[in-house]
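Analysis of the macromolecular model
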Number of protein chains: 2
Amino acid sequence: MTSRDLTEPAYRALAATLRARIAEGRYRGGVRLPTESELSEEFGLSRQTVRRAFQDLVAEGAVYRVPGRGTFATEGSGRYLRQLGSIEDLMNLSADTTMEVVSPPRRQVDLDAAGRLRLDTDLVYRMAFRRYHDGTPFVLTTVWWPEAVARLVMDSPDVAAGASSTHTMIGLLEPHLRRPIVEAAQSITVASADAEVAAQLDCPVGHSMLRVDRLYSDADGSVVELAVSHFLPEHYTYRVTLRRSGN
Amino acid sequence: MTSRDLTEPAYRALAATLRARIAEGRYRGGVRLPTESELSEEFGLSRQTVRRAFQDLVAEGAVYRVPGRGTFATEGSGRYLRQLGSIEDLMNLSADTTMEVVSPPRRQVDLDAAGRLRLDTDLVYRMAFRRYHDGTPFVLTTVWWPEAVARLVMDSPDVAAGASSTHTMIGLLEPHLRRPIVEAAQSITVASADAEVAAQLDCPVGHSMLRVDRLYSDADGSVVELAVSHFLPEHYTYRVTLRRSGN
DNA sequence: CGTTATTTGTGCGTATGTATT
DNA sequence: AAATACATACGCACAAATAAC
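All of these numbers come straight from a predicted model, not from anything done at the bench.

This brings us to the nonpolar core. Within the largest apolar cluster, 44 residues are counted, with the highest numbers of intra-cluster contacts made by Met127, Trp145, Met169, Ile188 and Leu210 of chain A together with Ile188 and Leu210 of chain B. What leucine 210 of chain A contacts, discounting residues up to four positions off in sequence, is Ile188, Thr189, Ser229, His230, Phe231, Pro233, Tyr236 and Tyr238 of chain A together with Ile188, Thr189, Val190 and Leu210 of chain B. Core analysis: the second largest hydrophobic core is formed by 22 residues, Met99, Tyr125, Val159 and Leu172 of chain B among them.

Below is the structure:
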């Protein structure tokens, strides 16, 4: 059982409070946040604990700090612009799109896929699905799993031929895994539509596509899934927002 | 003057040392890192300072820690696969490539660029450069600046026509800014080579290119630079590694 | 099964340095 | 020059999770 913390640490509670105040717009327009001593006073915490809270907020990119001047909210961090570029976003990507299974999971031998999954066997499971937006298919995704992973979802109705859902495969998969997924390595390039892609997305063979490969790994470094997507560039642009990390 | 730190803080030095040891493979295969007390002993630092170093490493995803068990290197983070996906990486991207200025900064009216920079005037500064790898140009980048930003680097020898350097424009720019750059919004799509791109990269007009647009913003949310790059897909793949965020 | 040692997590105190106003 | 505010560094005490006995 993953027992949830019943009592939140003081520094986290403070960070949450400050996050809320920032989102509320209280420090918009270059207004300085309270100083460490002020917060220490207000919440009855030591200055060290206040600092610990700020460390998290700085790491998230919610605030930035300047010695001698003070602490300021990062403009546009609280509002509607949601924090992209995290794995969470990748896994929830599908809110406004529908997924349709084109080819259900099937056991097969694929040397290339097995190699990329870093398996010692050549045996992998492969499935493919299309994603729709506004009624038109704009991406064909093929995923490969190691056998152990495939077993976890093979029987799910979500992967049956013709099934539709609004989730991502990796989102469906994760709850069944023993270790959480912590990393997604993506590579993005240009590729031509092959016969299958062309047929499924109704475009000419040889059409230029945006190709995105994703390799999901868990905390132990084991690769959990390989996904290769071909996007119609007319209907899709890949977006990421990178934030300054830590310190 | 932006004075560079002459003496690195102890916790950063320690973090760097540990990063190096991890990269070297010393803690591969589930081997526990030294405990806080051991490191405190080894480096003559307090346990608190050691903890501070670990906070950074955890935030980067280089290690994960388990109470009662110890600290472990995140498998696959150290080796040849370099950690991309932070703004820092974007700004230091160029270690192994050379940049050559093709068209020096010039004041001009550009409605589209001005709009994307969120300016109220139509006046922007534009420059363009190529980047080489192994002697062949593989990307043409055009950047647009607001006037205030352009002033900061106009006179730098690095942006003169024909100049070569191994930096990134945004890396050259940042030390001159009042507020740090904290966000880079990227969008990636497929585009055809126009006459200029084709000429500079020696490819046919109409060739399929990987197009990457980047919009850099500072902590106040002001846009500092717009950069549009056209990559030859034969010589370049865009890679990002996304990590599960924080805590 | 509880006990104990180990290891990380939380919280606070102090002192001193550095950057900004 | 002085006051303010954040940064670094060390110290201590106790809590919580884990593993070994």
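Residues and elements named next belong to chain A. On average, residues of chain A score 83 in pLDDT, and 85% of them reach the 70 mark or higher. Per-element confidence in chain A ranges from a low mean pLDDT of 55 for helix α4 (residues 87-91) to a high of 97 for helix α8 (residues 195-201). Scored below 50 in pLDDT, residues 1-5 shows zero contacts in the model against residues more than four places distant or in partner chains. A low-confidence stretch, residues 78-84 (pLDDT under 50), is modelled with 13 contacts involving residues beyond four sequence positions or located in other chains.

What follows deals with the packing of helix α2 (residues 36-43) of chain A against helix α3 (residues 47-60) of chain A. Residues and elements named next belong to chain A. Between α2 and α3, the shortest axis-to-axis distance is 9 Å and the interhelical angle comes to 110°. The angle between α2 and α3 places the two elements in the roughly perpendicular class. Judged by the twist between their axes, the crossing of α2 over α3 is right-handed. Residues Glu36, Leu39 and Ser40 of α2 lie in contact with α3, whose contacting residues are Arg47, Val50, Arg51 and Phe54.

Okay, the protein's contact with DNA strand C next. Not every one of the 23 residues close to DNA strand C is listed here, only the nearest: Ala10, Tyr11, Thr49 and Arg69 of chain A together with Arg47 of chain B. The sugar-phosphate backbone supplies 69% of the atoms of DNA strand C found within 4 Å of the protein. Within the side chain of arginine 65 of chain B, one N or O atom sits 2.9 Å away from a phosphate oxygen of DNA strand C. Mapped by element, the contributors of at least two residues to the surface near DNA strand C are α1 (10-23) and α3 of chain A together with α3 (47-60), β1 (63-66) and β2 (70-73) of chain B. Counted by class, the surface near DNA strand C contains seven nonpolar, nine polar and seven charged residues.

Taken as a whole, this structure holds eight aromatic pairs over all chains when the rule is applied. Aromatic pair phenylalanine 138 of chain A and tyrosine 236 of chain A: ring centres 5.8 Å apart, planes at 25°, arrangement stacked. Here phenylalanine 138 of chain A, found in strand β5 (residues 136-145), pairs with tyrosine 236 of chain A, found in the loop between β9 (223-231) and β10 (238-243); they are 98 residues apart in sequence, far enough to count as distant. Phenylalanine 138 of chain A sits in the buried class, given a relative accessible area of 6%. Classification of tyrosine 236 of chain A by relative accessible area gives buried; the value is 16%. Aromatic pair phenylalanine 138 of chain B and phenylalanine 231 of chain B: ring centres 6.2 Å apart, planes at 40°, arrangement tilted.

Criteria and thresholds
- Residues numbered from 1 in each chain as written.
- Chains lettered and ligands numbered in written order.
- Predicted model: local features only at pLDDT ≥ 70, side-chain atom pairs only at ≥ 80, totals over all residues.
- Heavy atoms only, no water.
- Core = buried A, V, L, I, M, F, W, Y, C linked by side-chain atoms within 4.5 Å.
- Buried < 20%, exposed > 50% of the residue type's maximum accessible area, 1.4 Å probe, protein only.
- Contact = heavy atoms within 4.5 Å.
- pLDDT = per-residue confidence, 0-100.
- Helix = DSSP H or I, 4+ residues; strand = E, 2+ residues; numbered from the N terminus.
- Axes fitted to C-alpha atoms, helices over the stretch in contact; angles between N-to-C directions.
- Parallel < 35°, antiparallel > 145°, perpendicular 65-115°, else oblique.
- Left-handed = near helix turned anticlockwise from the far one by under 90°.
- Near = heavy atom within 4 Å.
- Polar contact = N/O pair within 3.5 Å; in protein donor to acceptor, adjacent residues only side chain to side chain.
- Nonpolar A, V, L, I, M, F, W, Y, C, P; charged D, E, K, R; others polar.
- Phe/Tyr/Trp six-rings, centres within 6.5 Å; stacked < 30°, edge-to-face > 60°.

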